[in-house]
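# Summary of structural features
As a plain string of letters, each chain reads:
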Amino acid sequence: MAATDEVEHVTHPLLADGMLERRGYQSTLSDAASDAHTLVCLPTGLGKTTVSLLVTADRLHEAGGTALFLAPTKPLVQQHAEFYREALTIPDEEIVVFTGEVRPDDRAELWADARVVIATPQVVENDLVGNRISLAAVTHLTFDECHRASGDYAYNYIAERYHADARDPLVTGMSASPGGDEEAILQVCENLGIEEVEVMTEDDADVAEYTHDTELEWKRVELPEEVLEVRDALNDVISDRLGKLKEMGVTGKTSPDLSEKELVRIQGKLRELMDNDQSEGYKGMSLHAEIRKLNTAVNYVETQSVESLRRYFERLKQAARASGASKADQRLVSDPKVREAMRRAEAYDDLHPKFRQARILLAETLGLNDGERVIVFTESRDTAETLTDFLGEHFETRKFVGQSDTEGSDGMTQTQQQETLDAFRAGEFEVLVSTSVAEEGLDVPEVDLVLFYEPVPTAIRSIQRKGRTGRQTEGQVVVLLAEDTRDEAYFWKSRNDEKRMERELRELKSAASDIEADLVEQTDVDDYADGADGDEGGDEDEGGRSNGTADDAETQGGSESGRGDGDSGDGDGTARETGGCDAGNGDRPATGQSGLEAFAGDDGTAGSGGGGSSGNGAGEEAHGDPEGVVAEADPAGETVEVVADQRELDSTIARDLSTRDGIETRLETLAVGDYVLSDRVVIERKTVGDFLDTLTGGDRSMFEQVGDAGRHYARPVVILEGSDLYGRRNVHPNAIRGALSALVVDFGASVLRTEGADETADLLEVIATREQEDEDREVSVHGEKSAKTLAEQQEYVVASVAEVGPVTARSLLAHFGSVEAVMTADADALREVSGVGEVTADRIRDVVGSDYDA
């Protein structure tokens with residue numbers, strides 16, 4: 001230990017001298033976290049990152065290897081990297097940052113030489129799925145803001161891989177607010193493989209000396225009559241739409257103050273009508289969409305500002321005028337009562353009364369009380385910009401928003417965010433107006449006032465916001481409430497949840513020994529090993545990654561996709577049989593039918609039997625040598641490789657495969673297909689919803705994609721994932737059967753059905769195993785998709801005439817020798833071509849020879 005100016009500092013071989021003040025509670029927490037997988041709960045601003053740093057220093061010094069620190073946003077990653085480089089004696093170049101802005105190949109190279117990697121979870125997830133990095137040598141893994149470890153968030157997958165792959169793993173989870181109740185906290189621990197929980201509250205003696213009281217108050221504001229009139233006009237329209245839904249029998253309510261739970265319930269009933277092919281379901285879903293938009297408008301006018309409402313109305317009008325606008329948008333903006341509300345909003349020449357109240361509070365804090373800094377939080381980007389302009393007339397004010405651009409509003413780059421925070425710390429301005437991006441973990445300086453422009457409905461976010469004050473001196477938190485609006489409901493919900501969370505944490509702390517025993521049992525490392533073995537694996541949540549805001553989302557490579565292969569959310573229910581879908585191109589001679597035993601060994605795994613899904617009639621020879629081998633199957637048969645397209649990471653399939661024993665996944669930006677399983681098998685995966693959209697939306701890209709697959713691979717396979725193929729949309733069954741037939745007969749593709757992402761992953765594993773182990777084939781990616789050759793263009797022209805398919809087009813061109821000869825041939829000559837009957841010949845002649853009549 002060393003003392004400087006009577007302040008003790010931590011000494012350690014890997015820590016810079018005089019860098020860290022010794023605090024008893026931090027030492028206690030770091031000692032505990034060094035011995036076991038630990039959740040560290042500590043109020044915001046009291047140094048959770050320092051606790052993790054102390055553990056990292058010990059592990060690197062004693063166990064060696066690499067330390068990995070995960071944080072949910074890029075600004076947080078940069079902030080932690082600066083702190084680690086300043087605090088550790090490790091050379092700066094060995095402390096590296098991984099975000100989506102660093103190229104994947106560069107990350108793989110940096111990983112090899114790094115001692116500390118600080119990263120967003122999405123890029124680490126992608127690098128693990130793509131087999132670019134290994135966690136084997138990682139000796140300490142920190143999950144910052146670990147309360148995000150729920151649902152399908154990347155933290156869960158990384159934790160599973162870490163416990164399975166690392167030789168000497170140690171996990172530290174950190175959060176000021178790990179969950180809203182004991183069940184949620186335990187779920188976070190289970191997801192991350194945590195065995196112990198260490199909780200420090202402001203009541204602990206070691207912590208109390210570093211905290212100060214935070215005064216919480218709420219200010220009620222009354223809405224003026226003009227604003228209430230706008231709101232009431234919108235609520236009348238909501239009641240009208242609810243009345244129509246009531247007539248359909250999906251709700252018994254017409255009051256506009258519907259809860260989100262009720263809206264979800266109504267949506268479920270409408271979905272049932274749609275699944276039963278009842279037209280009322282589609283009409284009702286359109287009405288439901290209107291209600292949601294109107295609810296948003298009411299929220300703007302009640303709790304934000306009339307200016308925010310005006311901006312929202314303008315976006316609705318633009319959407320209604322756009323090509324392909326929904327009927328809900330068009331009906332909404334043309335409704336007389338909505339137009340009247342718009343007119344009243346345009347005529348209102350004042351801001352929300354919260355604006356004036358905010359200005360008064362800032363004047364008291366910065367003027368009368370000699371304060372230095374204030375943070376104003378708001379939910380809305382529109383409100384943040386309006387507030388910045390309004391408060392900027394009286395105080396030095398800047399906004400702080402996320403990186404994504406929204407309609408009518410540019411985001412801030414990472415550099416702009418960092419420069420803004422640096423200027424705020426340096427006292428260059430007084431007021432920071434921020435959206436949710438500054439709530440979580442960012443090193444925002446101590447402030448004199450945290451002003452909630454509106455209450456937030458969750459305890460976690462409320463705690464995060466309030467943690468920006470009361471660290472060094474007494475602080476103040478004020479929540480603005482619009483009377484008799486949803487503000488009040490949100491406030492009380494957050495307040496009650498927060499009290500319950502504090503109570504749960506105290507109970508968690510007092511019953512730590514019992515709970516830790518449960519956690520050890522739940523997160524035994526053997527569970528992770530079992531999870532990779534066939535049926536023993538856990539059921540992966542297929543929901544969207546909903547934790548975090550759009551401002552913070554980061555998905556490597558996702559922006560490149562124009563394919564529209566959405567999330568695999570169609571896996572519930574039982575898939576119907578389509579009949580005849582497992583057929584290939586009829587041009588290939590039959591080789592006999594094998595029995596089922598030819599496809600499965602004694603252990604149920606894929607065998608080497610023939611007679612499986614057939615492919616393109618052109619045969620394997622047409623493809624020649626592969627134009628770039630991505631991977632070769634292990635000659636010992638120990639590893640099966642699957643190449644996945646970067647854009648397929650929206651689904652859980654590649655992640656699932658990467659956790660299975662004997663499967664190695666690689667990520668590529670594939671020009672053809674979604675998954676490559678050998679030098680001849682390529683997979684195009686479509687959810688049932690995506691497939692039906694191609695039939696109803698006029699988008700024929702699916703057929704072009706399958707055509708490309710057939711030109712480059714001998715065995716193109718289309719996987720239709722999801723249930724209720726014939727009932728999900730109002731599409732005639734024969735249209736669906738026709739599309740399936742076209743895929744098989746015209747494009748030479750095999751069509752296979754799966755119920756969901758789990759079954760798709762199982763199927764991919766079986767096919768890849770048969771190809772690489774039983775057939776001894778290598779995995780290769782065939783050439784780039786390029787402009788159509790002259791022959792392909794000729795086939796396209798003929799195939800487009802009167803719905804002549806590609807196979808018939810090739811036959812016609814082979815017989816006549818040119819497009820011109822096909823077009824000038826008479827009906828008798830056309831009928832001489834194999835596959836062209838009287839109906840097709842007459843149809844071609846009608847298209848080619850009839851006068852044009854617009």
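On a predicted model such as this, the values are computed, not experimentally measured, just so you know. (Residues numbered from 1 in each chain as written. Predicted model: local features only at pLDDT ≥ 70, side-chain atom pairs only at ≥ 80, totals over all residues. Heavy atoms only, no water.)

## A word on the environment of Leu14
Applicable threshold: Numbered from the N terminus, helices here are DSSP runs of H or I no shorter than four residues, and strands are runs of E no shorter than two. By the convention used here, residues are in contact when the closest approach between their heavy atoms is within 4.5 Å.
Along the chain, Leu14 turns up in the loop between strand 2 (7–9) and helix 1 (24–33). Sequence spacing of Leu14 and Ile90 is 76 residues, and the spatial spacing of their C-alpha atoms is 6.8 Å. Filtering out sequence-adjacent residues up to four positions away, Leu14 remains in contact with Ala57, Leu60, His61, Ala87, Leu88, Thr89 and Arg115.

## A word on the packing of helix 12 (residues 306–321) against helix 14 (residues 336–347)
Between two packed helices, what matters for the description is the angle formed by their axes and the separation of those axes. So the rule is basically this: In this analysis, axes come from line fits to C-alpha atoms, helices being fitted only over the stretch in contact, and the angle between any two N-to-C directions falls in the range 0 to 180 degrees. Orientation labels follow simple angle bins: below 35 degrees gives roughly parallel, above 145 gives roughly antiparallel, 65 to 115 gives roughly perpendicular, and whatever is left gives oblique. When the near helix sits turned anticlockwise from the far one by under a right angle, the crossing is termed left-handed; a clockwise turn instead gives a right-handed crossing. Ten residue types, Ala, Val, Leu, Ile, Met, Phe, Trp, Tyr, Cys and Pro, are classed as nonpolar, four, Asp, Glu, Lys and Arg, as charged, and the remainder, Gly among them, as polar.
Packing of helix 12 against helix 14 brings their axes to within 10 Å, and their N-to-C directions diverge by 135 degrees. Judged on the interaxial angle alone, helix 14 and helix 12 are oblique. Crossing geometry of helix 12 relative to helix 14 is assigned as left-handed. Counted together, Val306, Leu309, Arg310, Phe313 and Lys317 of helix 12 and Ala341, Met342, Ala345 and Glu346 of helix 14 form the full contact between these two elements. Counted by class, the contact of helix 12 with helix 14 contains six nonpolar, no polar and three charged residues.

## Some remarks on a nonpolar patch on the surface
In plain terms, the rule: Patches here are clusters of residues that have more than 30% relative accessible area and form no salt bridge, with a 9 Å joining cutoff for like charges and a 5 Å cutoff for nonpolar side chains (Val, Leu, Ile, Met, Phe, Trp, Tyr). Only the protein chains shown count as covering a residue, and every accessible area follows the Shrake-Rupley method with a 1.4 Å probe. A side-chain nitrogen of Lys or Arg and a carboxyl oxygen of Asp or Glu constitute a salt bridge if their distance falls within 4 Å. Think of it in three bands: with a 1.4 Å probe and only protein chains considered, a residue is buried below 20% of the maximum accessible area for its type, exposed above 50%, and partly exposed in between.
Among the surface-exposed residues, Leu216, Trp218 and Trp492 lie close enough to one another that they form a single nonpolar patch of about 250 Å² accessible area. Tracing the backbone through its elements, the reader meets Trp492 in helix 19 (residues 486–510). Under the relative-accessibility criterion, Trp492 is labelled partly exposed at 36%.

## Considering the sheet that holds strand 4 (residues 66–70)
Spelled out, the test is: The pairing criterion is simple: DSSP has to find at least two bridges between the two strands.
Taking strand neighbours across the sheet as the criterion, the seven strands line up as 5-6-4-7-8-3-9 in an open arrangement whose pairing is parallel. Here the strands that pair on one side only, and so sit at the sheet edges, are strand 5 (95–98) and strand 9 (196–199). The average angle at which neighbouring strand axes cross in this sheet is 15 degrees, direction not considered. When strand 7 (residues 138–144) meets strand 8 (residues 171–175), the two strands line up parallel, connected through four bridges. If you follow Phe143 over to strand 8, its bridge partner there is Gly173. Strands in contact with helix 4 (residues 104–113) are strand 4, strand 5, strand 6 (116–119) and strand 7; relative to strand 5, the strand with the most contacts, it is inclined by about 155 degrees.

## Some points on the packing of aromatic side chains
Cut-off, in case you're wondering: We call Phe, Tyr and Trp rings a pair once their centres come within 6.5 Å, taking the six-membered ring for Trp, and we label the pair stacked below 30 degrees between planes, edge-to-face above 60, and tilted otherwise.
Enumeration over the complete set of coordinates arrives at 11 aromatic pairs. For the pair Phe83 and Tyr84, a centre-to-centre distance of 6.2 Å together with 80 degrees between the ring planes defines the contact as edge-to-face. Aromatic pair Phe98 and Trp111: ring centres 6.0 Å apart, planes at 45 degrees, arrangement tilted. You can see Phe98 sitting in strand 5 and its partner Trp111 sitting in helix 4, a full 13 residues away along the chain.

## Some details on the sheet that holds strand 17 (residues 663–668)
With mixed pairing, six strands are arranged side by side in an open sheet as 17-16-18-19-20-21. A single partner strand is all that each edge strand has here, and the edge strands are strand 17 and strand 21 (750–754). Judged from the seven bridges that link them, strand 19 (residues 681–687) and strand 20 (residues 715–721) form a sheet pairing that is parallel. Directly across from Ile683, in strand 20, lies its bridge partner Val717. In this fold helix 24 (residues 701–712) packs onto strand 19 and strand 20, with an angle of close to 170 degrees to the strand it touches most, strand 19.

## A few points about the pattern of salt bridges
A complete count under the given rule lists 47 salt bridges for this structure. Among the salt bridges present, the one from Arg59 reaches Asp168, with a minimum N-O distance of 3.4 Å. A residue pair is termed long-range when its members are at least 10 positions apart, and Arg59 in helix 2 (residues 48–62) and Asp168 in the loop between helix 6 (154–165) and strand 8 qualify at 109 residues. According to the relative accessible area criterion, Asp168 is partly exposed, its value standing at 36%. Put simply, Glu307, Arg310, Arg311, Arg315, Asp382, Glu385 and Lys399 are held in one network by salt bridges that share partners.

## Digging into helix 1
Within helix 1, seven of the 10 residues are buried, which leaves the element mostly enclosed by the surrounding structure. By the burial criterion, the buried members of helix 1 are Tyr25, Gln26, Ser27, Leu29, Ser30, Ala32 and Ala33.

## Some remarks on the side chain of His288
By the element assignment, His288 lies in helix 11 (residues 279–304). If sequence neighbours within four positions are ignored, His288 has contacts with Leu263, Ile266, Gln267 and Leu270.

## Quick word on helix 26 (residues 757–774)
Condition: Expected span, for any helix, means 1.5 Å times one less than how many residues it has.
Over its 18 residues, helix 26 extends 25 Å from the first C-alpha to the last, a length consistent with the 26 Å expected when each residue adds 1.5 Å. Every buried residue of helix 26 is listed here: Ala757, Thr760, Ala761, Leu764, Ile767, Ala768, Thr769, Arg770, Glu771 and Gln772. Where helix 26 is buried, its residues contact strand 16 (640–645), helix 22 (653–658), strand 18 (675–676), strand 19, strand 20 and strand 21. Of the residues flanking the end of helix 26, it is Asp776, one or two places downstream, whose phi is positive at about 55 degrees.

## Focus: the pairing of strand 21
Of all five residues in strand 21, five are buried; the element is thus mostly enclosed. Because side chains alternate across strand 21, one face comprises the buried residues Ser750, Leu752 and Thr754, and the other comprises Val751 and Arg753, equally buried. Across five bridges, the pairing between strand 20 and strand 21 is parallel. Counterpart to Leu720 in the pairing with strand 21 is Arg753.

## Description of the pairing of strand 13 (residues 431–434)
Burial along strand 13 is two-sided: Val431 and Val433 facing one way and Leu432 and Ser434 facing the other are all buried. Direction of pairing for strand 11 (residues 374–377) relative to strand 13: parallel, over a ladder of four bridges. Residue Val376 lies in a different strand from strand 13, and its bridge partner there is Val433. Across four bridges, the pairing between strand 12 (residues 397–400) and strand 13 is parallel. Bridging from a neighbouring strand, Arg398 pairs with Leu432 of strand 13.

## Observations regarding the confidence of the model for the protein chain
Put simply, the rule reads: Summary of the metric used: pLDDT quantifies the predictor's per-residue confidence within the range 0 to 100.
For the protein chain, per-residue confidence averages 77 on the pLDDT scale, and 74% of positions sit at 70 or higher. Predicted confidence for residues 1–5 stays below pLDDT 50, and this span has 10 contacts to residues more than four positions away or in other chains. Segment residues 466–473 is flagged for pLDDT under 50; beyond a separation of four residues in sequence, or across chains, it makes 42 contacts in the model.

## Points about unusual backbone geometry
Positive phi is not limited to glycine here, since Asp370 has a value of about 55 degrees. Within the fold, Asp370 resides in the loop between helix 15 (353–368) and strand 11. For Asp370, a relative accessible area of 65% puts it in the exposed group. With a phi angle near 55 degrees, Asp484 is a residue other than glycine that sits in the positive phi range. When you line up the elements, Asp484 lands in the loop between strand 15 (475–482) and helix 19. The exposed category is assigned to Asp484, whose relative accessible area is 66%.

## Considerations on the environment of Thr89
Using the following cut-off: Here a polar contact means two N or O atoms within 3.5 Å. Within protein one must be a hydrogen donor candidate and the other an acceptor candidate, and residues neighboring in sequence count only if both atoms are side-chain atoms.
Counting through the fold element by element, Thr89 comes out in the loop between helix 3 (74–87) and strand 5. Taking the C-alpha atoms as reference, Thr89 lies 9.1 Å from Asp17; in sequence the two are 72 residues apart. With sequence-adjacent residues up to four places away left out, Thr89 is seen in contact with Pro13, Leu14, Leu15 and Ala16. Within the structure, the side chain of Thr89 is placed 3.4 Å from the backbone oxygen of Pro13, a separation counted as a polar contact.

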